[in-house]
Amino acid sequence: MPHVFQQPPLKASRELYEGKDPTATVYLMESSGGMVAGDRNDITLKLAPESRVRLIQQSALKIYPSHTGETCFQKIDVDVEENARLEWMPEVIIPFVDAKFQVDTTLRLKASSTVLWGEIIAPGREKRGEVYDYESFRSNFKVYVEEALIAFDSLHFSPKEADLRRVGVLEDAMYIGSVWLISPDVDRVDVRALQETLRVEEGLQAGITRLEGNAIHCRWLGREQWSLQEEMKRVYAVLAELV
């Protein structure tokens, strides 16, 4: 990495390489243990032409209760230059009781670049009986290719204002997962064949959408984190191998 600027509690590791793989693996760490009311994380990534990067979060992102009523913000801006490749599969986002969180993610790609991106949202600290006890959760996810907006995915949950378990919302699901693939090589992916391999069983639902602008979006709803995360990792690895 030619340029690194970091300020506590955020920290980036040095780049690591595995064997002859030219992909630079970098770990992103949040040393405070979680975000509290009013905290703001800003993450800016710029990939040079021809670069290959894999970003891994060290642990789950915990959003603590907002005792002051202020919202925690996370802003992620990514620029991927010509023929560059970025892989990002973060850990789970866990909003605690009375937490307020908003994440705004913007990806800007060149037509020749590739991004494989994942996200998992938990209902809270499920094992402690905290399910949909947070105040609010907002996520705005945008993808631009050559300055053209090809995807805008917006989620807004306020469990205390609307029952997320009702029919037509999340029903019996508790975890939400997404994997995005944006690449000029998307045609290598047989969406129908991949759809047929998805684990669709009691407590786990999934679907795949092919978007205009060389993009694929996979979304999961699950009751259990483990089964959803394992299936997401499997599909993520399949997509990474194909492109």
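Structure: above.
For the structure given in this document, a descriptive report is provided here. This one's a predicted model, so the numbers in the text were calculated from it and none came from an experiment.

The rules behind each value
- Residues numbered from 1 in each chain as written.
- Predicted model: local features only at pLDDT ≥ 70, side-chain atom pairs only at ≥ 80, totals over all residues.
- Heavy atoms only, no water.
- Phe/Tyr/Trp six-rings, centres within 6.5 Å; stacked < 30°, edge-to-face > 60°.
- Helix = DSSP H or I, 4+ residues; strand = E, 2+ residues; numbered from the N terminus.
- Buried < 20%, exposed > 50% of the residue type's maximum accessible area, 1.4 Å probe, protein only.
- Lys NZ or Arg CZ within 6 Å of the ring centre and 35° of its normal.
- Core = buried A, V, L, I, M, F, W, Y, C linked by side-chain atoms within 4.5 Å.
- 1 Å grid on protein atoms, 1.4 Å probe; cavity = no way out; pocket = protein on both sides within 12 Å on 5 of 7 lines; lining within 4 Å.
- Points joined across faces, edges and corners; volume = space filled by probe spheres on them.
- Nonpolar A, V, L, I, M, F, W, Y, C, P; charged D, E, K, R; others polar.
- Expected span 1.5 Å × (residues − 1).
- Contact = heavy atoms within 4.5 Å.

Moving on: the packing of aromatic side chains. In this structure the tally under the stated criterion is 6 aromatic pairs. With a centroid separation of 4.6 Å and 5 degrees between ring planes, the pair formed by Trp88 and Trp117 is classed as stacked. Of the two residues, Trp88 sits in strand S7 (residues 85–88) while Trp117 sits in strand S10 (residues 114–121), which places them 29 residues apart along the sequence. Classification of Trp88 as buried rests on a relative accessible area of 5%. Judged by its relative accessible area of 3%, Trp117 is buried. Between Phe141 and Trp180, the ring centres sit 4.9 Å apart and the planes meet at 25 degrees, which makes this aromatic pair stacked. Here the residue Phe141 occupies a position in strand S11 (residues 136–145), and Trp180 occupies one in strand S13 (residues 175–182), the gap between them amounting to 39 residues. When the ring centre of Phe152 is taken as reference, the NZ or CZ atom of Lys142 above it lies at 5.4 Å.

Moving on, we come to the nonpolar core. By size, the foremost hydrophobic cluster in this structure holds 45 residues, and its most contacted members are Phe101, Val179, Trp220 and Leu239. At 5 residues, the largest contribution of residues to this core is made by helix H2 (residues 225–242). If you look at the next biggest cluster of nonpolar residues, it comprises 25 residues, including Leu28, Leu47, Val78 and Ala84.

Next up on the list: empty space enclosed by the protein. With the rule as written, the count across this model stands at 2 cavities of 30 Å³ or more. The computed volume of the largest cavity comes to approximately 120 Å³. Surrounding the largest cavity, 14 residues form its lining, Gln74, Ile76, Pro90, Ile93 and Glu119 being those nearest its centre. Broken down by secondary-structure element, the contributors of at least two residues to the lining of the largest cavity are strand S6 (72–80), strand S9 (100–109) and S10. Class assignment of the residues belonging to the lining of the largest cavity gives a composition of 8 nonpolar, 4 polar and 2 charged. There is about 70 Å³ of room inside the second largest cavity. Lining the second largest cavity, in full, are Trp117, Glu119, Ser139, Phe141, Asp153, Leu155, Ser178, Trp180 and Arg219. Looking at the lining of the second largest cavity, the elements with two or more residues in it are S10, S11, strand S12 (148–157) and S13.

Since the α-helix turns once every 3.6 residues, residues separated by three or four places project in the same direction. Here H2 is 18 residues long and its end C-alpha atoms lie 26 Å apart, about the 26 Å a rise of 1.5 Å per residue gives. Within the span of H2, buried status applies to Ser227, Leu228, Gln229, Glu231, Met232, Val235, Tyr236 and Leu239. Considering only its buried residues, H2 is in contact with S7, S10, S13, helix H1 (191–197), strand S14 (204–211) and strand S15 (215–222).

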